[in-house]
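Chain residues, written in single-letter form:
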Amino acid sequence: MIIDLHAHTSNHPMRNLHVTSASIATLEAEALKYGISMIVLLATYFPHKKSGVHNHDMLERIKGHPLFRMFGSLDVMNHFDSGVAELETLAKLGSIAGIKLYPGYQGFEPSEERLNPVYALAEKYRLPVMLHGGEVHNCEKELAELARPLYVEKPAKEHPKVKFVVSHLANPYFAELRGVMERCPNVFTDISGQFVSGTSEDTEEYRDMITSEIQQFLSCQNGYERVMFATDFPIQSYKDSLDLVERLQLNPEQLKNLMAENALRFLDQTYIP
């Protein structure tokens, strides 16, 4: 069983990526090709870029497609209260498997007090919280600081019953995230989006470096239970993501955890059919 904990969909043509489409049909074809059992898609709210696939739009796209689960999101910058209310409605209905926040792509730190209603909602409905971590793309550079993993430590400690995942290994803040994970047993990470597949940044030397970083995460306290497979499709391909896993040379139990079991525990069996 393989669970992709972090992917995106779009109805627009893809440019300068390894695929020309990130539609639901394309994702289903990729899942069939690579043996993916579940894909978690993320609602997106990018007010700086004036783009995104919002909650109800995403729900409509995945209706009747059992391959997919969805993390809901909100516009923290402009419509916070109504966004929290919408997430609570969706949580009551069992329509979302978690909540995704976008520090760096929106102007907030995860440690701000105004985010507490989101974390309280997550605790109430046993929903995990995913946060973008690390480098941001096509946004103001001054926002990048907001996506550092150090800002997750405060809410993680204040809400120990909530499971947090800082995406992308918080690349390039690898060591900083490992420190947060050592201090906060409820913080996880995923291996998604380490490079843009099919571009000049994808080299053997870079893949070797990323492999070493993942191995260091696995060596953290309970690391083999807190690192999860994910792609960030269409940014990183399924082929390349699986190649990173192969390079780790894991034993069967470790591989099973990374590819599915950790995600099942993170998502909570309530949301697994």
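Residues numbered from 1 in each chain as written. Predicted model: local features only at pLDDT ≥ 70, side-chain atom pairs only at ≥ 80, totals over all residues. Heavy atoms only, no water.

Remarks on helix H4 (residues 116-124)
The set of residues buried in H4 consists of Val-118, Tyr-119, Leu-121 and Ala-122. The buried residues of H4 occupy an angular sector of 155 degrees when projected down its axis, which confines them to one face. If you follow the buried residues of H4, they end up packed against helix H3 (80-93), strand S4 (98-101), strand S5 (129-131), helix H5 (153-158) and strand S6 (164-166). Note on H4: the residue one or two positions beyond its end, Arg-126, has a positive phi of about 55 degrees. (Buried < 20%, exposed > 50% of the residue type's maximum accessible area, 1.4 Å probe, protein only. Helix = DSSP H or I, 4+ residues; strand = E, 2+ residues; numbered from the N terminus. Arc of directions from axis to C-beta. Contact = heavy atoms within 4.5 Å.)

Notes on empty space enclosed by the protein
Counted under the stated rule, the structure contains 1 cavity of 30 Å³ or more. Forming the walls of the largest cavity are Pro-103, Pro-110, Leu-131, His-132, Gly-133, Leu-146, Ala-147, Arg-148, Pro-149, Val-152 and Val-166. Here the lining of the largest cavity is composed, by residue class, of 8 nonpolar, 2 polar and 1 charged. (1 Å grid on protein atoms, 1.4 Å probe; cavity = no way out; pocket = protein on both sides within 12 Å on 5 of 7 lines; lining within 4 Å. Points joined across faces, edges and corners; volume = space filled by probe spheres on them. Nonpolar A, V, L, I, M, F, W, Y, C, P; charged D, E, K, R; others polar.)

A few points about the pairing of strand S7 (residues 187-190)
Residues in a regular strand project their side chains so that they alternate between the two faces of the sheet. Where burial is concerned, the two faces of S7 agree: the one with Val-187 and Thr-189 and the one with Phe-188 and Asp-190 are both buried. In the sheet, S6 pairs with S7 via 3 bridges, with the strands oriented parallel. If you follow Phe-164 over to S7, its bridge partner there is Val-187. Regarding the hand of the β-α-β motif, the stretch spanning S6, helix H6 (residues 174-183) and S7 is right-handed. Looking at chain direction, S7 and strand S8 (residues 227-228) are connected through 2 bridges and run parallel. Following the sheet pairing, Asp-190 is matched in S8 by Met-228. (Pairing = 2+ DSSP bridges. Right-handed = clockwise from strand over helix to strand, strands pointing away.)

Focus: the sheet that holds strand S3 (residues 68-72)
Reading across the sheet, the 8 strands line up as S1-S2-S3-S4-S5-S6-S7-S8 and stay open at both edges, with parallel pairing between neighbours. Each having just a single partner strand, strand S1 (3-7) and S8 make up the two edges of the open sheet. Pairing analysis gives 4 bridges linking strand S2 (residues 38-42) to S3, with the strands arranged parallel. Across the sheet, residue Leu-42 finds its bridge partner in S3, namely Phe-71. Relative to the sheet, H6 contacts S6 and S7, its axis offset from that of S7 by approximately 145 degrees. (Axes fitted to C-alpha atoms, helices over the stretch in contact; angles between N-to-C directions.)

Some points on the side chain of Ser-111
Mapped onto the fold, Ser-111 is located in the loop between S4 and H4. When residues no more than four places from it in sequence are discounted, the contact partners of Ser-111 are Tyr-151, Lys-154 and Pro-155.

Details of the packing of aromatic side chains
By the definition in use, this model includes 5 aromatic pairs. Ring centres of Tyr-119 and Phe-164 lie 5.5 Å apart, and the angle between their planes is 65 degrees; this geometry places the pair in the edge-to-face category. Taken together, the residues Tyr-119 in helix H4 and Phe-164 in strand S6 connect sequence positions 45 residues apart. A single burial state applies to Tyr-119 and to Phe-164, both of which are buried. (Phe/Tyr/Trp six-rings, centres within 6.5 Å; stacked < 30°, edge-to-face > 60°.)

All quantities given are derived from atomic positions and should not be read as evidence of function.
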